[in-house]
Amino acid sequence: MIKKLDILVLKAFIGPFIATFFLTLFVLILQFFWLWIDDFVGKGIDGMTIVRLIIYLSATLVPLALPLAVLLSSIMTFGNLGETFELVAIKSAGIGLLRFMRSLLVTTLLLAVLAFYFNNNVIPVANLKMKTLQYDLVNQKPAFDLKEGTFYNMIPGYSIKVAKKVNDSVLNDIIIFETSPNVQDNMISARRGVMRMSDDKRYLEFTLQDGWRYEEEGERTGVNSRFYRLGFKEYKKVLDLSALMRNFTSDSVYKDRAEMLTILQLNRSIDSVQKMLNQFHERHKAEMKAYLPFMQYMDSGWAKVRVPALKKDTPFIKTLPDSARVSVIDQSISFTSSLKSTLDGAATDYENRRKELRIHLMTWHEKFTMSIAVLVLFLIGAPLGSIVRKGGIGTPVVFAVIFFVVFFLLNNFGKKFVKEDVLQPIAGMWLATIVLLPIGFFLIYKALHDSQLFNKEFYYRFFRKLRKKKAAAKEPDELPTELEAEISGEDLTIKKDQPAEG
């Protein structure tokens, strides 16, 4: 019976989990293209490149989609079992909620381990490929798209205008300006022409008919400048389109960034940055000795030497001769400016190294927190579904979105606080886990005691009793009315001659 129970729960969980995982992944991919669509449209990106982009993007979004899928599917699973009274039947058989959750808890632990392996080994490679491909596509120039009556200036050195396009290849009234800095206002005009793209898409060939070519030679304002006008019946002009082709960036450009590294690589990088920070003070102290020569006497008895005191309110500079005063002031200003520049550069270098260290530590902790998030959100979703007892995609989706938004905001706030040096990396990156884990334990406690936490009838009865108590407290102590006396069966008639009791 126990094995059948585990199989029952797993079957109820696997279907919603797979569906919600791919649905969440699809929504996140759409969100990415919604943000970057303006940088991709009009650049002639082929279908295979789009497929590669989606594959790399899907891999980078798995750490975010997996916790949401576990949360939503666990709420749906236990909500469906509660709505069909299967959960009640299981509890009546003496099987507790924790035993009932055991199979899914083991499954979630395996998913968390798999998520950590994925975050540590697959995500760095996917981030590297995704970053280089995205950079190439964003910086790729738009594809060749010649429109009527508009100058096309995307080909370096040329500006092309066509009055009318008979079709994609036959053109009328063509003007080609050569805008290279080595020539002056060279232009070709033709009444008709045929445009053809080479097979490798690298060259654009114009076969022009019935036109003129205009050239200038020499300085425009010089006496030796010349102007040529050449008429032609047919003329071929070949334009190089290599500038419009996508340049492939090497993966080595981004390979040292924190998000491209595994745990072992991050450990080595963090150790290196920490050593540099530890040596920073000694290195810059040695550099400062050139500007502050008295520092070499700091460890000697120099600091104990008595200096004759000047009169009160007497500036030291006034003790110098007039002939040396200006020179001393100028040298002091120059010396101080050099010292300030050195200190500013050292401070900037130090802050950059500290920021680099924070980003590496943040990435290191994130590989663990995004894996633990799978387990934390399951501990929220499973008891929440057993309390709500609603299946389908209505109520479970509402609760899942609420808790996931809380997790997402806390996670992003933690990252921002770490980057701005408000929180330490361990505190900022574990902020969401620290907040949500007690909520999960609280919901498990409520589910174990059959809590009415999300039962609207419970709150309706509670507030109705509360209103009755408030109404009773406001009413004065009076004798019951005749109607209440009739209901209670009491005789409240007080005869005139009958003495009152008490």
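The numbering scheme is per chain: residues are counted from 1 as the chain's sequence reads. This being a predicted model, a pLDDT of at least 70 is required before a residue's local features are given, and a value of 80 or more before pairs of side-chain atoms are given or counted; all residues contribute to the totals for chains, interfaces and linings. Side-chain descriptors were evaluated using all non-hydrogen atoms of the structure, hydrogens and water having been removed beforehand.

1. A look at the overall build of the protein chain
Quick note on the threshold: Counting from the N terminus, the helices are DSSP H or I runs at least four residues long and the strands are E runs at least two residues long. By definition, residues are in contact when any of their heavy atoms lie within 4.5 Å.
Broken down by element type, the protein chain carries 11 helices and 5 strands. Taking contacts inside the protein chain between residues at least 6 apart in sequence as the whole, the part at least 24 apart equals 68%.

2. Notes on the side chain of Thr24
On the secondary structure map, Thr24 appears in helix H1 (residues 2–40). The contact partners of Thr24, leaving out residues within four places of it in the chain, are Ala65 and Leu68.

3. Overview of a nonpolar patch on the surface
Stated formally: The residues that make up patches have over 30% relative accessible area and no salt bridge, and they are joined within 9 Å when like-charged or within 5 Å when they are Val, Leu, Ile, Met, Phe, Trp or Tyr. With residues, only the protein chains shown are counted as cover, and all accessible areas are computed by Shrake-Rupley using a 1.4 Å probe. Should a side-chain nitrogen of Lys or Arg be within 4 Å of a carboxyl oxygen of Asp or Glu, the pair is scored as a salt bridge.
Side chains of Val401, Val405, Phe408, Leu409, Phe413, Phe417 and Val422 sit close together on the surface and give an oily, nonpolar patch of about 570 Å² of accessible area. Relative to the helices and strands, Phe408 resides in helix H7 (residues 395–419).

4. Notes on the confidence of the model for the protein chain
Heads up, the condition is: The predictor rates its confidence in each residue with pLDDT, a number between 0 and 100.
A residue-level look at the protein chain finds 77% of positions with pLDDT of 70 or above and a mean pLDDT of 78. Looking across the protein chain, the model is least confident in helix H11 (residues 482–488), with a mean pLDDT of 48, and most confident in helix H8 (residues 425–429), with 90. This stretch, residues 485–498, has a pLDDT under 50; its non-local contacts, to residues over four places away or in other chains, come to 3 contacts.

5. With respect to the packing of aromatic side chains
Spelled out, the test is: Between 30 and 60 degrees the pair is tilted, below 30 it is stacked and above 60 it is edge-to-face, where a pair is any two Phe, Tyr or Trp rings, Trp via its six-membered ring, whose centres lie within 6.5 Å. Relative accessibility decides the category of a residue: with a 1.4 Å probe and only protein chains considered, values under 20% of the type maximum give buried, values over 50% give exposed, and everything between is partly exposed. Note on geometry: a ring has a charge over it if NZ (lysine) or CZ (arginine) is within 6 Å of the ring centre and within 35 degrees of the ring normal.
The tally for this structure, following the rule as stated, stands at 11 aromatic pairs. Here the aromatic rings of Phe17 and Phe21 are separated by 6.2 Å at their centres, their planes lie at 25°, and the arrangement is stacked. Residue Phe17 and its partner Phe21 are located together in helix H1, separated by 4 residues, close to a single helical turn. You can call Phe17 buried: its relative accessible area is 13%. Seen from their ring centres, Phe32 and Phe33 are 5.6 Å apart, and the 85° between their planes marks the pair as edge-to-face. Relative accessible area serves as the criterion here: at 16%, Phe33 is assigned to the buried category. Taken together, the aromatic side chains of Phe13, Phe17, Phe21 and Phe22 make up a single cluster linked through ring pairs. Across from the ring centre of Trp212, 4.4 Å away, lies the NZ or CZ of Arg229, which sits over that ring.

6. Some remarks on the environment of Val238
You can see Val238 is positioned in strand S5 (residues 226–240). Residue Val238 is classed as partly exposed on the basis of its relative accessible area of 46%. Each C-alpha atom of the pair Val238 and Met197 lies 9.7 Å from the other, and the pair is 41 residues apart in sequence. Non-local contacts of Val238, meaning those with residues more than four positions away in its chain, are made with Tyr203, Leu204 and Glu205.

7. Things to note about the packing of helix H2 (residues 47–83) against H7
Test applied: The axes are straight lines fitted to the C-alpha atoms, using for helices just the contacting stretch, and the angles between their N-to-C directions are given from 0 to 180°. Here is the rule for handedness: rotate from the far helix to the near one, and if that takes an anticlockwise turn smaller than a right angle the crossing is left-handed, while a clockwise turn gives right-handed. Residue classes follow a fixed rule: Ala, Val, Leu, Ile, Met, Phe, Trp, Tyr, Cys and Pro count as nonpolar, while Asp, Glu, Lys and Arg count as charged, and any other residue, Gly among them, counts as polar.
Packing of H2 against H7 brings their axes to within 9 Å, and their N-to-C directions diverge by 145°. Like other packed secondary-structure pairs, H2 and H7 cross with a definite hand, here right-handed. Facing H2, whose interface residues are Leu64, Leu68, Leu71, Leu72, Ile75 and Met76, H7 presents Pro396, Val397, Phe399, Ala400, Phe403, Phe404 and Phe408. When its residues are assigned to classes, the contact of H2 with H7 shows 13 nonpolar, no polar and no charged.

8. Quick word on unusual backbone geometry
If you check the backbone angles, Asp210 has positive phi at about 55° while not being a glycine. Mapped onto the elements of the fold, Asp210 is located in strand S4 (residues 203–217). A positive phi is found at Asp421, a non-glycine position, where the angle reads about 65°. When you line up the elements, Asp421 lands in the loop between H7 and H8.

9. Topic: helix H5 (residues 263–288)
What counts is decided by this rule: The span expected for a helix works out to 1.5 Å for each residue beyond the first. One axis fitted to the seven residues ending at a residue, another fitted to the seven starting there: the angle between these axes is the bend at that residue.
With 26 residues, H5 extends 37 Å from end C-alpha to end C-alpha; this agrees with the ideal 38 Å at 1.5 Å per step. Remark: the principal bend of H5, roughly 40°, maps to Phe280. Along H5, the residues classified as buried are Ile263, Leu266, Ser269, Ile270, Val273, Leu277, Phe280, His284 and Met288.

10. Observations regarding the packing of H7 against helix H9 (residues 431–448)
Let me state the cut-off plainly: The scheme is simple: roughly parallel for angles under 35 degrees, roughly antiparallel for over 145, roughly perpendicular for 65 to 115, oblique for anything else.
One can describe the packing of H7 onto H9 by two numbers: an axis separation of 7 Å at closest approach and a directional angle of 155°. Taken together, the axes of H7 and H9 are roughly antiparallel relative to one another. Mapping the contact onto sequence places Phe403, Val406, Phe407, Leu410, Asn411 and Gly414 in H7 and Leu431, Ala432, Val435, Leu436, Ile439 and Leu443 in H9. Residues belonging to the contact of H7 with H9 are distributed by class as follows: 10 nonpolar, 2 polar and no charged.

11. Section: the pattern of salt bridges
Scanning all chains against the criterion turns up 15 salt bridges. A salt bridge links Asp349 to Arg353, with the nearest nitrogen and oxygen atoms 3.8 Å apart. You can see Asp349 and its partner Arg353 sitting in helix H6 (residues 322–388), 4 residues apart, about one turn around the helix. Salt-bridge contacts for Arg353 lead to Glu356; the nearest nitrogen and oxygen are separated by 3.2 Å. Within this pair, Arg353 and its partner Glu356 are both found in helix H6, separated by 3 residues, close to a single helical turn.

12. With respect to a positive patch on the surface
Short version of the rule: Only four residue types enter the charge count, namely Lys and Arg as positive and Asp and Glu as negative; His and the chain termini do not. Here the site of a charge means atom NZ of a Lys, CZ of an Arg, CG of an Asp or CD of a Glu.
A cluster of basic side chains, namely Arg464, Lys465, Arg467, Lys468 and Lys469, defines a positive patch on the protein surface. Note that Lys469 resides in helix H10 (residues 456–474).

13. Comments concerning the nonpolar core
The criterion, for reference: Here, nonpolar core refers to any group of buried Ala, Val, Leu, Ile, Met, Phe, Trp, Tyr and Cys residues whose side-chain atoms link them within 4.5 Å.
Residues Leu71 and Phe100 are the most contacted members of the largest nonpolar core, which totals 64 residues. When residues of this core are traced back to their parent elements, those giving at least two are H1, H2, helix H3 (86–92), helix H4 (97–139), H6, H7 and H9. Element by element, the count of residues in this core is highest for H2, at 16 residues. Once you skip the residues sitting within four places of it in the chain, Phe100 turns out to touch Leu5, Val9, Phe78, Leu81, Leu87, Ile90 and Ile95. The next biggest cluster of nonpolar side chains, apart from the first, holds 18 residues, and it includes Tyr152, Ile160, Leu171 and Ile174.

14. Looking at H9
Taking 1.5 Å of rise per residue, the 18 residues of H9 would be expected to cover 26 Å, and the 27 Å separating its terminal C-alpha atoms lies within 8% of that figure. Looking one or two residues beyond H9, the residue adopting positive phi is Asp450, at roughly 50°.

15. A look at the side chain of Lys237
Here is the rule: Throughout this description, a polar contact denotes any pair of N or O atoms lying within 3.5 Å of each other; where both atoms belong to protein, one of them has to be capable of donating a hydrogen while the other can accept it, and for residues adjacent in sequence the pair is counted only when both atoms sit in side chains.
Inspection of the secondary structure assignment puts Lys237 in strand S5. We classify Lys237 as buried; its relative accessible area is 12%. Among the polar contacts made by the side chain of Lys237, one reaches the side chain of Glu178 at a distance of 3.1 Å. What Lys237 contacts, discounting residues up to four positions off in sequence, is Tyr158, Glu178, Ile188, Leu204, Glu205 and Phe206.

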